[in-house]
Structures are given as C-alpha cells and as structure tokens.
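Here's the letter readout for the chains.
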Amino acid sequence: MGKSLIKRHESIIVSTIQTLNAVGLQNLSTKLIAKQEGVSEGTLFRHFKTKTDIMLAVVDHFSQYDDAIIETCVLKNFLPLETIRYFYNAYAEYYQNYPEITVVVQAYDSLMCDAKLSEKVSSIIYKRSDFITKTIQAAIDQNLIRTNLDPAVLENILTGGSKEICLKWRMNAYSFSIKEKSAEMVELILSGFMKN
C-alpha cells in the first residue's frame with residue numbers, strides 16, 4: 001500500500017529539499033525530484049501542479065519554524081536582548097539539526113525571479129525583519145542599547161552576519177558548529193551597541 005496523500009505530499013517536499021541541496025536551483029527539475037522520491041513525474045504532478053507549486057511548498061516548509069520561534073519569545077516574555085539571542089540561536093540550531101534546509105535561505109535571491117515565489121519569500125523576510133527591528137526598538141526604548149542607531153540597520157547587520165555564517169558553513173561541508181559561530185556573532189555585534 002502506498003503512502004497516504006499527506007505523507008506523500010510531505011515526502012515530496014523533503015525530496016525536493018534534498019535534490020535542491022544536491023544539484024542547486026538552476027539544475028532542479030521535476031524529473032530529478034521524482035527520481036529522489038522514487039516515483040514517476042506523473043505521481044509528482046498528482047500532488048503539485050507545477051514545479052513552482054512544489055517550491056512554494058518548500059518555502060512554506062522552511063518558514064513553518066518562524067511562528068514557533070516568535071511565539072516562544074512572546075510566551076517566555078524574554079527581554080529584548082534575550083529575544084534577539086534566542087531568535088538567531090534558534091535558527092542556527094534548526095540549521096545544525098537539518099543542514100539541507102539551509103539551501104532554501106541561500107536560494108532566496110534566485111527564488112525572487114518568480115512572481116509567486118517572490119511574494120512568498122518577501123513576506124517571510126519582512127516578517128522576520130519586522131520582528132527583530134521591533135525588538136531592537138524595544139531594547140533602545142529600555143535604554144539597553146545605544147539610542148542613536150537605526151533599528152533596521154542593526155537588524156541588517158545581524159541577519160547579514162547570520163546568512164554569511166550559514167553560507168560559509170555550507171561551503172565548508174558543515175565542518176564547524178553553526179550554532180557556536182552564530183552565538184559568537186550575535187554577542188559580538190550586540191556588545192558593540194550595548195550601553196556601558
């Protein structure tokens with residue numbers, strides 16, 4: 001007996017991530033995804049109408065962790081600096097435990113070329129950015145960090161640093177702890193902006 005529809009749907013998403021990680025976005029094809037999944041392309045298209053629909057599901061899968069991270073920060077009533085640390089460290093832990101998923105964040109630029117994917121990716125990026133920017137503003141309001149800085153600029157520095165570490169981790173075949181490097185980066189950046 002075959003996989004249930006829901007299980008097959010999720011399995012195709014995981015197979016797409018594995019294939020994308022192996023061949024890159026430019027070489028990704030439904031034929032390769034079907035091969036990785038061990039099914040025909042016809043079976044693939046019974047679950048997803050197009051390759052773009054598959055990629056939308058992959059991006060959704062990638063972002064499902066976002067709400068959980070933000071909700072944890074709110075429910076635990078973290079202080080602003082604790083929230084920032086937790087946010088970036090939670091993603092680093094997610095990546096450490098699921099290295100293949102990092103191919104999605106590294107493909108964001110290319111995904112922006114498709115109108116449907118661009119809208120989805122933009123909403124994810126802006127949701128994360130907005131949360132951290134507001135958290136940085138709260139830290140400024142509470143006089144925890146320097147008041148003469150633009151919260152959006154500090155968010156860009158933190159997020160850019162996080163993406164760069166992720167890229168170098170992938171380039172080095174995951175040979176160092178992304179979790180440790182990320183925590184070190186966040187601490188170093190925050191320490192430069194904290195009030196004395």
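In short, a report on the structure. (Residues numbered from 1 in each chain as written. Predicted model: local features only at pLDDT ≥ 70, side-chain atom pairs only at ≥ 80, totals over all residues. Heavy atoms only, no water.)

Before going further, it helps to examine the nonpolar core. By size, the foremost hydrophobic cluster in this structure holds 58 residues, and its most contacted members are Y95, L111, I136 and L158. For this core, the element with the highest residue contribution is helix α4 (residues 51–75), accounting for 10 residues. L158 has contacts with I84, Y88, I136, M185, V186 and I189, leaving out every residue within four places of it along the chain. (Core = buried A, V, L, I, M, F, W, Y, C linked by side-chain atoms within 4.5 Å. Buried < 20%, exposed > 50% of the residue type's maximum accessible area, 1.4 Å probe, protein only. Helix = DSSP H or I, 4+ residues; strand = E, 2+ residues; numbered from the N terminus. Contact = heavy atoms within 4.5 Å.)

Looking now at the packing of helix α8 (residues 115–141) against helix α9 (residues 151–171). Orientation of α8 relative to α9, taken along the N-to-C sense of each, is 125°, at an axis distance of 8 Å. On the basis of the axis angle, α8 is oblique to α9. For α8 against α9, the interelement crossing comes out right-handed. Side by side, α8 and α9 meet where S129, I132, T133, I136, Q137 and I140 of the first sit next to P151, A152, L154, E155 and L158 of the second. Among the residues making up the contact of α8 with α9, the classes are represented as 7 nonpolar, 3 polar and 1 charged. (Axes fitted to C-alpha atoms, helices over the stretch in contact; angles between N-to-C directions. Parallel < 35°, antiparallel > 145°, perpendicular 65-115°, else oblique. Left-handed = near helix turned anticlockwise from the far one by under 90°. Nonpolar A, V, L, I, M, F, W, Y, C, P; charged D, E, K, R; others polar.)

Let's shift gears to the packing of aromatic side chains. According to the stated counting rule, one finds 12 aromatic pairs in the structure shown. Ring geometry for F87 and Y91: centres 5.1 Å apart, planes at 70°, overall edge-to-face. Linking F87 with Y91, this pair stays in helix α5 (residues 80–97), spanning 4 residues, or about one helical turn. The class for F87 is buried, based on a relative accessible area of 3%. Judged by relative accessible area, Y91 falls into the buried class, the value being 4%. Taking 5.8 Å as the distance between ring centres and 35° as the angle between the ring planes, the aromatic pair formed by F87 and F131 counts as tilted. Separated by 44 residues along the polypeptide, F87 in helix α5 and F131 in helix α8 bring together distant segments of the chain. Given the relative accessible area of 16%, F131 is considered buried. An aromatic cluster is defined as three or more aromatic residues linked by ring pairs; in this entry it consists of F62, Y65, F87, Y88, Y91, Y94, Y95, Y98, Y108 and F131. (Phe/Tyr/Trp six-rings, centres within 6.5 Å; stacked < 30°, edge-to-face > 60°.)

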